[in-house]
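# Commentary on secondary and tertiary structure
Okay, here's what each chain looks like letter by letter:
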Amino acid sequence: QRKQYKLFKEGKPSHLTQKRVDRLSELGFDFNPNAKKRTDEENFDECYILLRDFVTEHGHCKVGMDRGRLGGPRLTKFVAWQRKQYVLFRKGKESELTQDKINMLEGLGLTWESRLANTI
């Protein structure tokens, strides 16, 4: 896909269309893995804003892969990752979460136990 993307961006014949590029981007496909990556802090801030917007629109933090443009795979992965980091934080292990981040997420109404945990 990356080779096809490069051809597409250069205006050369490619199997990719703008619609496919947009869809792959929505799914989190990285067309340029060698580019400067966002820091964990930048990614947290960006996803936190997405989650805040989701909560404003839907009134809850129950994101899912099929919840439209404000949810989707990226936000679902973000919430799942925060839950994993929370478990590490609570066990006193190395974690990307801080108490400030926990407070921010809880302020949006995020719960640390997923719905799936209740069904097992």
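## Looking at the overall build of the protein
Helix and strand content of the protein: 5 helices and 0 strands. Counting over 120 residues, the protein shows a buried share of 26%. Residue pairs at least 24 apart in sequence account for 43% of intrachain contacts in the protein once pairs closer than 6 positions are excluded. As presented, the protein carries roughly 8,700 Å² of accessible surface, and 51% of it is formed by carbon and sulfur atoms.

## Details of helix α4 (residues 72-90)
Spanning 19 residues, α4 covers 27 Å between terminal C-alpha atoms, matching the ideal 27 Å at 1.5 Å per step. Gly72, Pro73, Leu75, Phe78, Val79, Gln82, Arg83, Gln85 and Tyr86 are the residues of α4 that are buried. Where α4 ends, the next residue or the one after it, glycine 92, has phi of about 80°, a positive value.

## Regarding the packing of aromatic side chains
Taken as a whole and assessed by the stated rule, the structure comprises 3 aromatic pairs. Between tyrosine 86 and tryptophan 112, the aromatic rings sit 4.1 Å apart at their centres with planes inclined by 5°, giving stacked as the arrangement. One end of the pair, tyrosine 86, is in helix α4; the other, tryptophan 112, is in the segment after α5 (99-107), and 26 residues separate them in sequence. Through successive ring pairs, a cluster of aromatic residues spans Phe44, Tyr48 and Phe78. Between lysine 101 and the ring centre of phenylalanine 44, over which it is positioned, the NZ or CZ distance is 4.7 Å.

## Thoughts on the packing of α4 against α5
Packed helices, taken two at a time, are described by the angle between their axes plus the distance between the axes. Two elements in contact, α4 and α5, have axes whose closest approach is 12 Å; the angle formed by their N-to-C orientations is 135°. By the criterion of interaxial angle, the relationship of α4 to α5 is oblique. Crossing of α4 against α5: the hand is left-handed. In this structure, α4 uses Phe78, Gln82, Tyr86 and Phe89 to contact α5, whose residues at the interface are Gln99, Ile102 and Leu105. Its residues placed into classes, the contact of α4 with α5 shows 5 nonpolar, 2 polar and no charged.

## Here we look at the side chain of glutamine 85
Residue placement: glutamine 85 occurs in helix α4. With a relative accessible area of 6%, glutamine 85 lands in the buried category. Residue contacts for glutamine 85: discarding those within four places in its chain leaves Ser95, Glu96 and Leu97.

Calculation rules
Residues numbered from 1 in each chain as written. Predicted model: local features only at pLDDT ≥ 70, side-chain atom pairs only at ≥ 80, totals over all residues. Heavy atoms only, no water. Helix = DSSP H or I, 4+ residues; strand = E, 2+ residues; numbered from the N terminus. Buried < 20%, exposed > 50% of the residue type's maximum accessible area, 1.4 Å probe, protein only. Contact = heavy atoms within 4.5 Å. Areas by Shrake-Rupley, 256 points an atom, 1.4 Å probe, with all protein chains shown as cover. Expected span 1.5 Å × (residues − 1). Phe/Tyr/Trp six-rings, centres within 6.5 Å; stacked < 30°, edge-to-face > 60°. Lys NZ or Arg CZ within 6 Å of the ring centre and 35° of its normal. Axes fitted to C-alpha atoms, helices over the stretch in contact; angles between N-to-C directions. Parallel < 35°, antiparallel > 145°, perpendicular 65-115°, else oblique. Left-handed = near helix turned anticlockwise from the far one by under 90°. Nonpolar A, V, L, I, M, F, W, Y, C, P; charged D, E, K, R; others polar.

Function cannot be inferred from these measures alone, as they are strictly geometric.
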